[in-house]
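Structure at a glance
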There are 4 protein chains.
Amino acid sequence: MLGHVDRLRGELVDLHAQLVRYGLVVWTGGNVSARVPGADLFLIKPSGVLYEDLTPASMVLCTLDGEAVDPSQSPSSDTGSHAYVYRHMPEVAGQVHTHSTYACAWAARGEEIPCVLTAMADEFGGPIPLGPFALIGGEDIGRGVVETLTGHRSKAVIMQNHGTFTIGKDARSAVKAAVMCEDVARSVHMARALGECVPIPQDAIDSLYDRYQNVYGQRPAPTA
Amino acid sequence: MLGHVDRLRGELVDLHAQLVRYGLVVWTGGNVSARVPGADLFLIKPSGVLYEDLTPASMVLCTLDGEAVDPSQSPSSDTGSHAYVYRHMPEVAGQVHTHSTYACAWAARGEEIPCVLTAMADEFGGPIPLGPFALIGGEDIGRGVVETLTGHRSKAVIMQNHGTFTIGKDARSAVKAAVMCEDVARSVHMARALGECVPIPQDAIDSLYDRYQNVYGQRPAPTA
Amino acid sequence: MLGHVDRLRGELVDLHAQLVRYGLVVWTGGNVSARVPGADLFLIKPSGVLYEDLTPASMVLCTLDGEAVDPSQSPSSDTGSHAYVYRHMPEVAGQVHTHSTYACAWAARGEEIPCVLTAMADEFGGPIPLGPFALIGGEDIGRGVVETLTGHRSKAVIMQNHGTFTIGKDARSAVKAAVMCEDVARSVHMARALGECVPIPQDAIDSLYDRYQNVYGQRPAPTA
Amino acid sequence: MLGHVDRLRGELVDLHAQLVRYGLVVWTGGNVSARVPGADLFLIKPSGVLYEDLTPASMVLCTLDGEAVDPSQSPSSDTGSHAYVYRHMPEVAGQVHTHSTYACAWAARGEEIPCVLTAMADEFGGPIPLGPFALIGGEDIGRGVVETLTGHRSKAVIMQNHGTFTIGKDARSAVKAAVMCEDVARSVHMARALGECVPIPQDAIDSLYDRYQNVYGQRPAPTA
């Protein structure tokens with residue numbers, strides 16, 4: 001397990017850098033977490049630390065109750081919510097939270113993002129849903145994420161008046177969802193700014209989603 | 001021919017980096033392809049690989065039927081469509097596909113981009129046309145590209161609900177068209193956001209296009 | 001005191017670089033200042049100098065009357081206003097001024113930014129208020145900043161037809177406020193561009209502000 | 001004179017890089033020129049060359065008739081217009097042309113940019129005016145620039161359906177005007193997107209312009 005933890009610490013630093021690179025975060029806002037395989041633990045960004053100051057050692061190891069294993073470290077304000085999601089969605093092993101600009105615009109109006117681009121059908125399999133308003137610091141946001149995404153194809157949810165939360169089979173997959181969520185949030189925003197969008201028929205959405213989830217990408221190397 | 005292929009592999013890596021530099025792509029989306037001179041082959045981006053991980057060797061050599069020569073490599077999901085275009089437009093030797101933001105906005109509304117800037121008249125010779133909706137993974141997109149761009153001055157097409165495809169006499173020319181397509185898609189979007197645009201008279205468009213295609217740039221070095 | 005001044009000169013260079021990194025300034029516009037602890041002095045950007053040419057020695061040491069200690073240096077045009085704020089708000093030890101794009105958009109319309117995002121409630125505790133129109137070069141802007149921010153939770157003010165001024169307990173805190181002010185100015189702009197925003201109830205704003213000001217971040221290292 | 005030319009060649013490479021840095025140009029579009037002091041000559045960007053390939057030697061030396069001194073070099077398509085401006089405005093020693101996004105948006109609608117920000121009053125002394133539509137390749141654009149900017153405070157003009165031209169007492173000053181023109185074009189665009197702007201009284205505009213032109217910046221070093 002220690003080997004897993006050490007590897008994940010380095011991966012989390014790299015993945016936080018992707019949030020910066022894609023302009024999804026400013027200053028200390030936003031966070032990525034990763035479940036430790038085979039243990040009731042996860043790693044998450046420390047609270048209030050600048051992205052350029054993140055190191056593998058600064059990532060905070062937490063129990064699934066949302067408590068830091070080393071009580072001298074303060075984990076992200078969203079730790080309780082990440083813990084809630086890990087407890088209630090066993091298939092989730094990575095989560096991301098950002099205040100990315102266009103997702104926040106949909107969030108401030110309290111609107112889901114309609115599926116009018118093939119890239120949305122591919123990655124999210126339909127609209128990106130709206131989750132409830134919830135206060136920061138406890139588990140309420142996590143509860144809203146679980147309620148909204150359970151049984152939904154989308155790995156991203158727009159939390160009302162707040163920002164986006166994404167889940168994935170690992171942290172990299174959740175970061176990808178965060179990057180693509182902002183990308184389509186921006187494109188559909190611009191589309192809607194000048195008029196109405198053409199809907200994509202449901203069977204085409206289903207077909208695009210199926211292909212992207214099952215055919216897209218390189219085949220895994222065969223095991224010997 | 002091997003020399004051509006090796007040179008093109010390196011060029012394709014550089015050209016994919018231009019898509020990143022100009023912000024036309026995120027994560028693994030988008031692709032560039034290049035026809036191999038003197039052979040029924042082309043090179044294209046591998047499927048689902050991050051831009052920073054692209055290497056000359058990772059570019060997938062394909063037949064004009066859209067099959068990878070080395071079946072252990074998975075080429076881009078759009079390979080069948082690139083192949084269709086190469087088969088039906090012999091003058092085309094490079095293609096680019098992106099989900100760039102403002103082109104996608106026009107695509108989601110199903111609108112062509114009107115020619116209201118001299119830069120559009122220069123590069124595209126008129127409006128950038130809208131192509132049909134088509135599913136990803138087969139040749140349907142390629143068929144839509146060929147139907148839309150055959151006999152049209154524009155080297156770019158906005159595919160409905162999807163993104164942009166561009167063609168060129170080589171891959172560099174197709175990348176230039178992709179960069180300029182997004183640039184004018186954005187400028188005309190902003191223009192239209194605050195009111196109506198002033199049309200450019202057709203004879204001025206014709207004159208601008210003729211000069212840019214025939215006079216612009218450095219003269220080729222004389223052959224000895 | 002000399003040690004304080006030398007340290008602050010280097011910090012100010014780094015903090016000016018944050019304005020560039022976050023795209024809040026162009027060419028020579030904008031400035032950061034820092035009060036010298038234990039002295040009636042502050043340091044501020046020189047007037048009309050490019051960000052890439054700033055050095056620790058180029059930062060101009062000024063009295064609280066807004067006069068350069070070394071009269072061969074010309075401090076920022078906003079020096080008189082920074083001085084006015086330092087004289088009238090003793091708790092302020094850092095200030096920032098920018099013409100960042102979205103803050104300027106609210107400024108040109110003469111509108112405060114409504115608090116419709118949790119990130120605004122966290123950092124600003126409510127709306128970002130509008131300050132009066134004032135001419136540049138004297139103390140009028142500083143007077144407007146003090147009148148608007150005295151007794152207000154917000155550390156940022158949008159000055160009509162002009163840009164943003166932010167204050168903080170140190171220069172870093174004022175820079176953070178400038179970065180977050182533009183971030184929320186942009187997100188709320190985009191939200192409003194497509195419709196009405198959902199208000200956040202006042203008790204939720206109060207609760208979010210209280211937690212962020214008192215719990216967020218790492219605990220200070222214990223003094224021995 | 002040769003020393004002047006050599007120094008200007010290097011400066012022009014640096015100034016073209018500023019256009020890239022500020023996002024004012026894509027691919028090979030846009031150009032900067034500089035008059036050679038004490039000679040009827042100027043230097044300008046070569047036609048159709050990428051910004052990253054520009055070198056001091058590639059800058060094309062031209063006569064005030066717009067002809068390349070070395071006929072093997074092809075200067076920018078706008079050379080005739082730059083030459084026209086240099087012949088008719090002897091106080092101008094630098095010019096810039098770009099298709100920057102927001103300036104193009106005002107250009108496509110055929111609207112001047114109203115002076116609703118203090119930064120505009122500072123740099124441009126009022127609105128940024130609209131110039132006529134003109135074809136590329138001859139002197140017509142230059143004629144439109146001279147007609148529009150003669151007797152006008154603004155160093156920038158928005159040419160209808162085209163882009164922006166700026167003039168200055170040297171090339172650096174013209175680049176500054178191009179950077180600030182796009183900056184205010186964007187801010188005022190965003191302001192107008194959500195409503196009406198508050199006008200700035202004419203006497204305040206006059207006062208701001210006077211101070212910025214005469215007091216702003218560092219005093220020149222005294223000559224011995």
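Notes on the structure follow. (Residues numbered from 1 in each chain as written. Chains lettered and ligands numbered in written order. Predicted model: local features only at pLDDT ≥ 70, side-chain atom pairs only at ≥ 80, totals over all residues. Heavy atoms only, no water.)

1. A word on the interface of chain B and chain D
Facing 34 residues of chain B, the contacting portion of chain D comprises 35 residues. In total, about 3000 Å² of surface goes out of reach between chain B and chain D, with carbon and sulfur atoms giving 58% of it. At the junction of chain B and chain D, the tally comes to one salt bridge. Note that Glu52 of chain D is salt-bridged to Arg21 of chain B, the shortest N-O span being 2.9 Å. Run the count over chain B and chain D and you get 13 residue pairs in polar contact (both at pLDDT 80 or more). Within the residue set of the side of chain B that touches chain D, elements represented by two or more residues are α1 (2–21), α4 (118–124), α6 (171–193) and α7 (202–214) of chain B. The element contributing the most residues to the side of chain B that touches chain D is α6 of chain B, with ten residues. Of the residues contributing to the side of chain B that touches chain D, the split by class is 18 nonpolar, seven polar and nine charged. (Contact = heavy atoms within 4.5 Å. Buried area = accessible area lost by both parts, 1.4 Å probe. Salt bridge = Lys/Arg side-chain N within 4 Å of Asp/Glu carboxyl O. Polar contact = N/O pair within 3.5 Å; in protein donor to acceptor, adjacent residues only side chain to side chain. Helix = DSSP H or I, 4+ residues; strand = E, 2+ residues; numbered from the N terminus. Nonpolar A, V, L, I, M, F, W, Y, C, P; charged D, E, K, R; others polar.)

2. Some remarks on the side chain of Arg211 of chain C
Counting through the fold element by element, Arg211 of chain C comes out in helix α7 (residues 202–214). This buried residue, Arg211 of chain C, is left without a salt bridge; Asp122 of chain C holds the nearest opposite charge, at 4.7 Å. Only 3.1 Å separates the side chain of Arg211 of chain C from the side chain of Ser77 of chain A, close enough to count as a polar contact. In contact with Arg211 of chain C, not counting residues within four places along its chain, are Ser77, Ile136 and Gly137 of chain A together with Tyr216 of chain C. (Buried < 20%, exposed > 50% of the residue type's maximum accessible area, 1.4 Å probe, protein only. Lys, Arg positive; Asp, Glu negative; His and termini not counted.)

3. Details of the relation of the copies chain A and chain B
For the pair chain A and chain B, the superposition axis carries a translation of 0.0 Å, the fit reaches an RMSD of 0.0 Å, and the rotation angle comes to 90°. Here the copies are linked by what is in effect a four-fold axis. Among all residues of chain A, the minimum C-alpha distance to the rotation axis is found for Ala193 of chain A, at 5.1 Å. In this assembly the copies use different faces: only 3% of the residues contributing to the interface of chain A also contribute to that of chain B. (Least-squares fit on C-alpha atoms with pLDDT ≥ 70 in both.)

4. Examining the sheet that holds strand β7 (residues 163–168) of chain A
Residues and elements named next belong to chain A. Strand order in the open sheet formed by seven strands is β3-β2-β1-β4-β7-β6-β5, with mixed pairing between adjacent strands. Across the chains shown, the open sheet's two edge strands, defined by having one partner strand only, are β3 (60–63) and β5 (130–131). Taken together, the four bridges between strand β1 (residues 31–35) and strand β4 (residues 94–98) define a ladder with antiparallel strand orientation. Note that in β4 the partner of Asn31 across the bridge is His97. The sheet strands contacting helix α3 (residues 101–109) are β6 (156–159) and β7, and the helix crosses β6 at an angle near 55°. Set on the sheet, helix α6 (residues 171–193) makes contact with β1, β4, β6 and β7; between it and β7 the angle comes to about 145°. (Pairing = 2+ DSSP bridges. Axes fitted to C-alpha atoms, helices over the stretch in contact; angles between N-to-C directions.)

5. Points about the interface of chain A and chain B
A common way to report how large an interface is uses the accessible area buried once the components associate. Contacts between chain A and chain B engage 34 residues on the former and 35 residues on the latter. Around 2900 Å² of area is buried between chain A and chain B when both sides are counted, 58% of it from carbon and sulfur atoms. Ranking the residues of chain A by area buried against chain B places Met190, Leu194 and Gln218 of chain A at the top, with a combined share of 21%. Connecting chain A to chain B are one salt bridge. On the surface where chain A and chain B come into contact, there are 13 residue pairs in polar contact (both at pLDDT 80 or more). Put simply, the parts of the chain that give the side of chain A that touches chain B at least two residues each are α1 (2–21), α4 (118–124), α6 and α7 (202–214) of chain A. It is α6 of chain A that provides the largest number of residues to the side of chain A that touches chain B, a total of ten residues. Of the residues contributing to the side of chain A that touches chain B, the split by class is 18 nonpolar, seven polar and nine charged.

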